[in-house]
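This is what each chain is made of:
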Amino acid sequence: MEIRALTTTEEFEATRDIRSRAFGPLADDEWAARVGAARENLDKRRYFAGYEDGRVVAVAHLHDMDQWWNGRPVSMGGVSGVTVAPEARGRGVGGALMRYVLERCAGFGHAVSMLYPATTALYRSLGWEHAGAQNWLDLSASDLRDLRAGDPVRVRRAGPDDAAEVVSVLRRVHEAARDSGPIDRREQRWRFELGQPDLYYYLAEDGFLAYRWGQGNEVLRVERLVAGSEATYRALWGIVGSGSTIARTVRACVSPYDPVLWLLRDRDDEDVARHQWMLRVVDAPAAIAARGYPAGLSAEVPLVVEDALLPDNSGAWRLIVKDGEGRLERATSEDAGAVRVGIRGLSALYAGLPASTLSRSGLAAGDAGALHALSAAFAAAPFSLDYF
């Protein structure tokens, strides 16, 4: 199989057939929107296809993004649209494509990679591990309506010309909240998103809202609502709740610790739908250096990392965390007390999975004190507000 980057709209058009065979037919208008959204990344050679006898049998897409980790942006390659033709499945085509994508991810300089898996086994075999989720929760529209703040907050509609301000607001909020997991989209992508006709956008000085109607206008879907203050949270949720005369239910994508859950007057048993995503550390020293860490924590832990696909990550290291900063230093030899971890374990640790869980899952081994120090250093409650 030959694997290479797609560079033209005509080459991208040739992928429509296997996408339809794998996931179902796409309407012409939906496909046209995908073609329009693809142009930027075609120019950047971020769409890949596997060919057999001149025919496309596999495709994948690598987004250029940042991902927030403890309030700091980390360069992230977002993998999406992984598709293998039905007749080519079961003979290693998907694995070969993903190894190529991983190599390109490293080549583009991304420190980590994220994806939503259709199957876990393939991605685990290549070093990705479950890290967080996109959380969807049903809320009462009338309860949200009652959250409106007493003091008015200036909120206005947002469109494509507001892309730079949307990026700025989201970055300020995620940094101040020390969030882990949300994606930082580029301004050009936001310009495209803000032009979507079925989504409604509102912008405040320290907040942003995106929602749409769903299920025959019986449900309002909040795709994103972030704010840096109580007053702005109340104002934005109040806008959503104002639709309660039509929609009784609001289905919202939220953080597990979203303030709205503590602002509501009543809070009963909650059914949360979790859409899991996976993370892979691509460049271990870069990923460690870019991430944020708890203030006031100091730790120094010897590590031995194994990564068969990206061997520059492998070997003996010393992790040093101090004053909210972290770094990996090469060790001249393996320390007898080092924590041993494969790339799957390191990726899960990076995302905040407790080291004791990694140890009991066979993904890490080491002294209990060292494992505890790692858990404290990488503590996080990751979530996502995006699906791609």
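Residues numbered from 1 in each chain as written. Predicted model: local features only at pLDDT ≥ 70, side-chain atom pairs only at ≥ 80, totals over all residues. Heavy atoms only, no water.

1. Considering the overall build of the chain
Of regular secondary structure, the chain possesses 14 helices and 18 strands. A globule of 388 residues ought to have a C-alpha radius of gyration of about 21 Å, and the chain, at 22 Å, matches this closely. Considered along the principal axes of its C-alpha atoms, the chain spans approximately 65 × 60 × 35 Å. Residues counted as buried form 51% of the 388 residues belonging to the chain. For the chain, contacts bridging at least 24 residues in sequence account for 72% of all contacts bridging at least 6. Surface exposure of the chain reaches about 17400 Å², of which carbon and sulfur atoms provide 46%. Placing the 46 positive and 53 negative side-chain charges of the chain at their respective mean positions leaves the two points 1 Å apart. (Helix = DSSP H or I, 4+ residues; strand = E, 2+ residues; numbered from the N terminus. Rg over C-alpha atoms; globule rule 2.2 N^0.38 Å. Buried < 20%, exposed > 50% of the residue type's maximum accessible area, 1.4 Å probe, protein only. Contact = heavy atoms within 4.5 Å. Areas by Shrake-Rupley, 256 points an atom, 1.4 Å probe, with all protein chains shown as cover. Lys, Arg positive; Asp, Glu negative; His and termini not counted. Charge placed at Lys NZ, Arg CZ, Asp CG, Glu CD.)

2. What about the sheet that holds strand β16 (residues 325-330)?
Read across the sheet, five strands follow the order β16-β15-β14-β17-β18 without closing on themselves; strand pairing throughout is mixed. The outermost strands of the open sheet, each flanked by one partner alone, are β16 and β18 (364-365). Note: strand β14 (residues 299-306) against strand β17 (residues 339-342), four bridges, orientation parallel. Across the sheet, the residue bridging to Leu303 is Val339, located in β17. Helix-sheet contacts for helix α14 (residues 368-377) involve β14, β15 (315-322) and β17, and the interaxial angle to β14 is about 100°. (Pairing = 2+ DSSP bridges. Axes fitted to C-alpha atoms, helices over the stretch in contact; angles between N-to-C directions.)

3. Side note on a negative patch on the surface
A contiguous patch of negative charge, built from Asp266, Asp268, Asp269 and Asp271, is present on the exposed surface. Along the chain, Asp269 turns up in the loop between α10 (260-263) and β13 (272-281). (Patch = residues over 30% accessible without salt bridge, like charges linked within 9 Å, V, L, I, M, F, W, Y side chains within 5 Å. Salt bridge = Lys/Arg side-chain N within 4 Å of Asp/Glu carboxyl O.)

4. Focus on the pairing of strand β12 (residues 249-254)
In this structure, strand β6 (residues 129-140) lies alongside β12, joined through six bridges in antiparallel fashion. Pairing of Leu139 across the sheet is with Val250, part of β12. Where strand β11 (residues 219-227) meets β12, four bridges bridge the pair, whose relative direction is parallel. The residue of β12 that forms the bridge with Arg221 is Arg251.

5. Side note on the UniProt feature "domain: N-acetyltransferase" (unreviewed entry) in the chain
Following the UniProt record, the feature "domain: N-acetyltransferase" (unreviewed entry) maps to residues 1-146 here. Each end of residues 1-146 is marked by a C-alpha atom, and these two atoms are 59 Å apart; helix forms 38% of the span and strand 37%. (UniProt positions renumbered as here; feature names shortened; annotations may be inferred.)

6. Section: the side chain of His110
As for its position among the elements, His110 is in the loop between α4 (93-107) and β5 (112-115). Residue class for His110 comes out buried when judged on its relative accessible area of 2%. Of the polar contacts made by the side chain of His110, one reaches the backbone oxygen of Met76; its length is 3.5 Å. Apart from residues no more than four positions distant in its own chain, His110 is found in contact with Arg46, Leu62, His63, Asp64, Met65, Ser75, Met76, Gly77, Cys105, Val282 and Asp283. (Polar contact = N/O pair within 3.5 Å; in protein donor to acceptor, adjacent residues only side chain to side chain.)

7. Some points on the side chain of Arg46
Along the chain, the position of Arg46 falls in the loop between α3 (28-43) and β2 (47-52). Buried within the structure, Arg46 lacks any salt-bridge partner; its nearest side chain of opposite charge belongs to Asp64, at an N-O separation of 4.0 Å. Engagement of the side chain of Arg46 in a polar contact is seen with the backbone oxygen of His63, the distance being 3.5 Å. Arg46 has contacts with Asn41, Ala60, His61, Leu62, His63, Asp64, Phe108 and His110, leaving out every residue within four places of it along the chain.

8. Considerations on the pattern of salt bridges
The tally for this structure, following the rule as stated, stands at 35 salt bridges. Across the pair Arg55 and Glu87 runs a salt bridge, and its minimum N-O distance is 2.8 Å. Of this pair, Arg55 sits in strand β3 (residues 55-69) while Glu87 is found in the loop between β4 (72-84) and α4, placing the two residues 32 residues apart along the sequence. Residue Arg318 pairs with Glu300 through a salt bridge whose shortest N-O separation is 3.6 Å. Of this pair, Arg318 sits in strand β15 while Glu300 sits in strand β14, and the two are 18 residues apart along the sequence. Each member of the salt-bridge network shares a partner with another, and the members are Asp198, Arg212, Arg221 and Glu223.

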